[in-house]
Amino acid sequence: MKRRRLITSTERARLDPFIVATGDASPRDQRDLMERPFFSLAKAKRVAPILYEAGGVRVEVFAVPEHGMATIWDADILIWAASQIVEAENLGFKTSRFLRFTPYQLLTSIGRETGQRDYKLLKGALTRLQSTVIRTTIRQGEHWRRHQFSWINEWEECVTRDGRIEGMEFVLPDWFYRGVTDRSLVLTIDPAYFRLTGGIERWLYRVARKHAGRQPRGWIFEFAHLHEKSGSLMRVSDFALQLRRIVQGQPLPGYRLHIEREGRRELLRILPAKLSTGPVDSAGEGLGTSHASGIGISHAGPSGLRTQRSQLSLWPETTIPDLNLESNRESNFYVARSDVENTVAAAINGLLRKTSGARPTGSDTAHPSPLPLGRKPGGAR
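Residues numbered from 1 in each chain as written. Predicted model: local features only at pLDDT ≥ 70, side-chain atom pairs only at ≥ 80, totals over all residues. Heavy atoms only, no water.

Draft legend 1. Fine view of the overall build of the protein. Within the protein, the secondary structure is distributed over 10 helices and 16 strands. Here the protein holds 381 residues, and the buried ones make up 54% of them. Taking contacts inside the protein between residues at least 6 apart in sequence as the whole, the part at least 24 apart equals 73%. Of the roughly 17400 Å² of accessible surface on the protein, a fraction of 52% belongs to carbon and sulfur atoms. (Helix = DSSP H or I, 4+ residues; strand = E, 2+ residues; numbered from the N terminus. Buried < 20%, exposed > 50% of the residue type's maximum accessible area, 1.4 Å probe, protein only. Contact = heavy atoms within 4.5 Å. Areas by Shrake-Rupley, 256 points an atom, 1.4 Å probe, with all protein chains shown as cover.)

Draft legend 2. Summary view of the sheet that holds strand E8 (residues 147-150). Taken in spatial order, the four strands make up an open sheet running E4-E5-E7-E8, and their pairing is antiparallel. Each end of this open sheet is capped by a strand with a single partner; those strands are strand E4 (50-54) and E8. Adjacent strand axes in the sheet meet at a mean angle of 15° when their direction is disregarded. (Pairing = 2+ DSSP bridges. Axes fitted to C-alpha atoms, helices over the stretch in contact; angles between N-to-C directions.)

Draft legend 3. Structural view of the sheet that holds strand E13 (residues 255-262). Taken in spatial order, the three strands line up as E12-E14-E13 in an open sheet, and their pairing is antiparallel. At either margin of the open sheet sits one strand with a lone partner, and together these are strand E12 (219-222) and E13. Averaged over all adjacent pairs, the angle separating strand axes in this sheet is 25°, with direction ignored. Note: E12 against strand E14 (residues 265-272), four bridges, orientation antiparallel.

Draft legend 4. Here's a closer look at the nonpolar core. One finds Phe 38, Phe 39, Leu 99, Trp 151 and Phe 170 to be the most contacted residues of the largest nonpolar core, which totals 81 residues. Among the elements that take part in this core, helix H3 (residues 75-90) stands out by supplying 10 residues, more than any other. (Core = buried A, V, L, I, M, F, W, Y, C linked by side-chain atoms within 4.5 Å.)

Draft legend 5. How the structure looks around the packing of H3 against helix H6 (residues 174-181). One can describe the packing of H3 onto H6 by two numbers: an axis separation of 10 Å at closest approach and a directional angle of 50°. Classified by the angle their axes make, H3 and H6 are oblique. Crossing hand, H3 versus H6: right-handed. Note on element contacts: H6 touches H3 through Phe 176, Tyr 177, Val 180 and Thr 181, opposite Leu 78, Ala 82, Ile 85, Val 86 and Glu 89. Tallied by class, residues from the contact of H3 with H6 come to seven nonpolar, one polar and one charged. (Parallel < 35°, antiparallel > 145°, perpendicular 65-115°, else oblique. Left-handed = near helix turned anticlockwise from the far one by under 90°. Nonpolar A, V, L, I, M, F, W, Y, C, P; charged D, E, K, R; others polar.)

Draft legend 6. Geometry of the packing of helix H8 (residues 223-230) against helix H9 (residues 236-249). Here H8 crosses H9 at 100°, and the two axes come no closer than 10 Å. Between H8 and H9, the angle falls in the class roughly perpendicular. Residues Phe 223, Leu 226, His 227 and Ser 230 of H8 form the contact with H9, whose participating residues are Val 236, Phe 239, Ala 240, Leu 243 and Arg 244. Tallied by class, residues from the contact of H8 with H9 come to six nonpolar, two polar and one charged.

Draft legend 7. Spatial organisation of the pairing of strand E6 (residues 98-101). Pairing of strand E2 (residues 18-19) with E6 involves two bridges; the strand directions are parallel. Looking at the pairing, Phe 18 lines up with Leu 99 of E6.

Draft legend 8. Structural view of the pattern of salt bridges. According to the stated counting rule, one finds 21 salt bridges in the structure shown. Residue Glu 157 pairs with Lys 123 through a salt bridge whose shortest N-O separation is 3.8 Å. Of this pair, Glu 157 sits in strand E9 (residues 154-159) while Lys 123 sits in helix H5 (residues 116-131), and the two are 34 residues apart along the sequence. Bridged by salt links that share partners, the residues Glu 53, Arg 58, Glu 60 and Arg 135 form one connected network. (Salt bridge = Lys/Arg side-chain N within 4 Å of Asp/Glu carboxyl O.)

Draft legend 9. Representation of the packing of aromatic side chains within the structure. Counting across every chain of the model gives 12 aromatic pairs. Arranged with centres 5.6 Å apart and planes meeting at 40°, the rings of Tyr 193 and Tyr 205 form a pair that is tilted. Note that Tyr 193 is positioned in the loop between strand E11 (186-188) and helix H7 (199-211) and Tyr 205 in helix H7, a separation of 12 residues in sequence. Note on accessibility: Tyr 193 and Tyr 205 belong to one class, buried. (Phe/Tyr/Trp six-rings, centres within 6.5 Å; stacked < 30°, edge-to-face > 60°.)

Draft legend 10. Representation of H9 in the model. The end-to-end C-alpha separation of H9 is 20 Å, in line with the 20 Å expected for 14 residues at 1.5 Å each. All buried positions along H9 are accounted for by Asp 238, Phe 239, Ala 240, Gln 242, Leu 243, Ile 246 and Val 247. Those residues of H9 hidden inside the fold are in contact with H7, H8, E13 and E14. At the exit of H9 stands Gln 250, carrying a positive phi of roughly 50°. (Expected span 1.5 Å × (residues − 1).)

Draft legend 11. Structural context of the pairing of strand E5 (residues 57-62). Pairing of E4 with E5, which is carried by five bridges, proceeds in the antiparallel orientation. For Ala 54, the partnering residue across the bridge sits in E5 and is Val 57. Between E4 and the antiparallel strand that follows it, E5, lie two residues; Gly 55 among them carries a positive phi value of about 60°. Pairing of E5 with strand E7 (residues 133-136) involves four bridges; the strand directions are antiparallel. Within E7, the position partnered with Glu 60 by the bridge is Arg 135.

Draft legend 12. Structural view of empty space enclosed by the protein. On inspection of all chains with the given rule, the structure shows two cavities of 30 Å³ or more. Of the voids in this model, the largest cavity is the one considered here, and its volume is about 50 Å³. Around the largest cavity sit Leu 33, Arg 36, Pro 37, Phe 38, Phe 39, Leu 41, Ile 72, Trp 203, Arg 206 and Ser 230, which together line it. For the lining of the largest cavity, the residue count by class is seven nonpolar, one polar and two charged. Considering only enclosed or pocket space, the second largest cavity measures out at about 30 Å³ in volume. Around the second largest cavity, the lining residues are Asp 29, Gln 30, Leu 33, Ala 75, Leu 78, Ile 79, Ala 82, Phe 176 and Arg 206. Elements that contribute at least two residues to the lining of the second largest cavity include exactly strand E3 (28-30) and H3. (1 Å grid on protein atoms, 1.4 Å probe; cavity = no way out; pocket = protein on both sides within 12 Å on 5 of 7 lines; lining within 4 Å. Points joined across faces, edges and corners; volume = space filled by probe spheres on them.)

In structure tokens:
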């Protein structure tokens, strides 16, 4: 058997390998990756950097012209790695940043085909993940230190003399690994996520899972803020057009989308719904092929180069189990004032009934201009 060594194995020599024995793990995503723009949503190769700052946190993503920026499709590899690490630790096994696996395990677990083209796409995705450089202050403490890394430090494939791939290895960056082994920084996601066929749809699902969770009233964002959070190169007007089309199609598993308007502002409300167990239109394309359309153009359909069929996955169709009740300061977008005032009125009425037997007052049915999330009427925090 011939080993094709792509890079030096210095780092791997210091790490014990985590051998992935099965692909059977519930899909899990890392919260920081769901919250901020770390990946290209574009169909074409993206070289322009992502520069994002909000709530005192900065994210910078840089690509090399030869390979382009890692896409939201490439991120499926990181989701798979996070899922395997968490599942193994739940079972009491030791894990490592150094993963050893078969491409078949990875591809089938994220609902991909296993033909020659798919293995080629997998290697292209690994190359983009390694060549993309991230610089961020997330989880770097009060002194605002910047951490710079790539999504994969190094990778290698093991092939036979006839060119057949028998195994793969890669090393994850410490920043990502620490974010996965801290359980408070990981969320389960619906396996139907892998079947979403649009780059913006995939990104929006992760935003929905992170912020709306299973909260009955969901979460609400202004369109312009979503555009900024996405890191998209589209104009705001074209991005808004894509959001309206997504709302019309309702493709997100486990969520319902509604458009609301406050004067001239357009808002997107994300509400939890009955989770989907069926296919989402069609199977996803190959790794690294983003489906966000060009400016003013609707989402591209599945490529004619692929065999389209239902997702082939070892992951069961499970529900999203946990409530997500946190309010992220970096998403200080909008809830209606009536939402806040109704909550306050209900608390006052309950207190009156306990203390004086007074009849409850009617709740405020007006719907004036919205307030930033977490701010009470009158400007009080």
